[in-house]
Amino acid sequence: MDKREILKQHVLRFVKLTDDEIDLFVSHFKEHSFKKGQVVLGEGDRVDQEYFVLSGCLKAFFINDETKMYILQFAMPTWWTSDYGALYSNTRASISIDCITDAEVLSLSNADREKICSEVHAIEHFFRWRTNKGYVASQRRLLSFMNNDAKSRYEELMNMYPQLYNMVPKQLIAAYLGVSRETLSRLYNNHQHK
């Protein structure tokens, strides 16, 4: 499937657009290819775009003063990622995004998103829906961290995204769950023997 066709199909699942509207929308995106380990966005960078993942897997993360990594998001095909706080407030990135695997992405600048949203109401609706969905997912993850033990968080993640275990290195899944690599191995082994 053509790269831009993946984006078209994704958007058309959620909003109705004419052929001209979807073509106009897709025309604002730029294609990028990244290699495994390549940085897409570095902490301190100016943030003026968001990314739609076509293939591969990216991670959005933060490293604290003690050099401990906290993973905010894994971004798989048809997922969106950026430092949204910096994107919407026109500030520098407080997180980084890099590639867990080779990846193909499309980027959309903040200015182009605002322009297309003002021209096509359905696109504005799509972005509002997507933002709401992201907010709900963040809230659900935060509540899971506050209420669930590591075992429950692991099972929840594997039930929602079983492909992650084979796509993402185990130390990154551990960092996402806030556990050690050893604890992740125990959780995995216990989960397999159910």
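Residues numbered from 1 in each chain as written. Predicted model: local features only at pLDDT ≥ 70, side-chain atom pairs only at ≥ 80, totals over all residues. Heavy atoms only, no water.

Trainee: With reference to specific residues and values, describe the nonpolar core.
Mentor: Counting residues in hydrophobic clusters, the biggest one holds 22 residues, and the most contacted among them are Phe-74, Val-168, Ile-173 and Leu-177. Per element, the largest residue contribution to this core is six residues, and it comes from helix H8 (residues 170-177). Ignoring any residue separated from it by four or fewer positions in sequence, one finds Leu-177 in contact with Phe-145, Arg-153, Tyr-154, Leu-157 and Leu-184. By size, the runner-up hydrophobic cluster in this structure holds 20 residues, among which are Ile-22, Leu-108, Cys-117 and Phe-127. (Core = buried A, V, L, I, M, F, W, Y, C linked by side-chain atoms within 4.5 Å. Buried < 20%, exposed > 50% of the residue type's maximum accessible area, 1.4 Å probe, protein only. Helix = DSSP H or I, 4+ residues; strand = E, 2+ residues; numbered from the N terminus. Contact = heavy atoms within 4.5 Å.)

Trainee: Describe the pairing of strand S8 (residues 103-109), listing the residues and the values that go with them.
Mentor: With respect to burial, S8 is a largely interior element, six of its seven residues being buried. Note: strand S1 (residues 30-34) against S8, five bridges, orientation antiparallel. Within S8, the residue paired with Lys-30 across the bridge is Ser-107. One ladder, built from six bridges, connects strand S3 (residues 49-55) with S8; its direction is antiparallel. (Pairing = 2+ DSSP bridges.)

Trainee: Any details on the confidence of the model for the protein? Residues and values, ideally.
Mentor: Within the protein, residue pLDDT values average 91, and 97% of them lie at 70 or more. Across the protein, strand S7 (residues 96-99) holds the top mean pLDDT of 98, while helix H9 (residues 181-192) sits lowest at 77. (pLDDT = per-residue confidence, 0-100.)

Trainee: With reference to specific residues and values, describe the sheet that holds strand S6 (residues 80-81).
Mentor: Strand pairs in the sheet, formed through backbone hydrogen bonds, run parallel or antiparallel to each other. The four strands are arranged S1-S8-S3-S6 in an open sheet whose pairing can be described as antiparallel. Each edge of the open sheet is held by one strand with a lone partner, namely S1 and S6. Sheet strands in contact with helix H4 (residues 110-119) are S3 and S8, and its direction is about 65° off that of S8. (Axes fitted to C-alpha atoms, helices over the stretch in contact; angles between N-to-C directions.)

Trainee: Account for the environment of Thr-81, with residues named and values stated.
Mentor: Position of Thr-81 among the secondary structure elements: in strand S6. Residue Thr-81 is classed as buried on the basis of its relative accessible area, which comes to 1%. Those residues within four positions of Thr-81 in sequence are excluded, and the remaining contacts are Glu-50, Tyr-51, Leu-58, Ala-60, Gln-73, Ala-75 and Ile-97. At 2.7 Å, the side chain of Thr-81 and the side chain of Gln-73 are in polar contact. (Polar contact = N/O pair within 3.5 Å; in protein donor to acceptor, adjacent residues only side chain to side chain.)

Trainee: How would you explain the side chain of Ser-96 if you had to name every residue and give the values?
Mentor: Summarising the element assignment, Ser-96 is placed in strand S7. Taking relative accessible area as the criterion, Ser-96 reaches 13% and is therefore assigned buried. A polar side-chain atom of Ser-96 sits 3.0 Å from the main-chain amide nitrogen of Glu-43. Ser-96 has contacts with Leu-41, Gly-42, Glu-43, Lys-59, Ala-60 and Phe-61, leaving out every residue within four places of it along the chain.

Trainee: Please give an account of the environment of Ile-123 that cites residues and values.
Mentor: Tracing the backbone through its elements, the reader meets Ile-123 in helix H5 (residues 121-147). Between the alpha carbons of Ile-123 and Phe-25 there is a distance of 7.9 Å; along the sequence they are 98 residues apart. Apart from the residues within four sequence positions on either side, Ile-123 is in contact with Val-11, Leu-17, Phe-25, Ile-116 and Cys-117.

Trainee: Before we move on, could you go through the side chain of Arg-113 and cite the residues and values that matter?
Mentor: Mapping Arg-113 onto the fold places it in helix H4. When its relative accessible area of 4% is taken as the criterion, Arg-113 is described as buried. The contact partners of Arg-113, leaving out residues within four places of it in the chain, are Glu-50, Leu-87, Tyr-88, Leu-108 and Phe-127.

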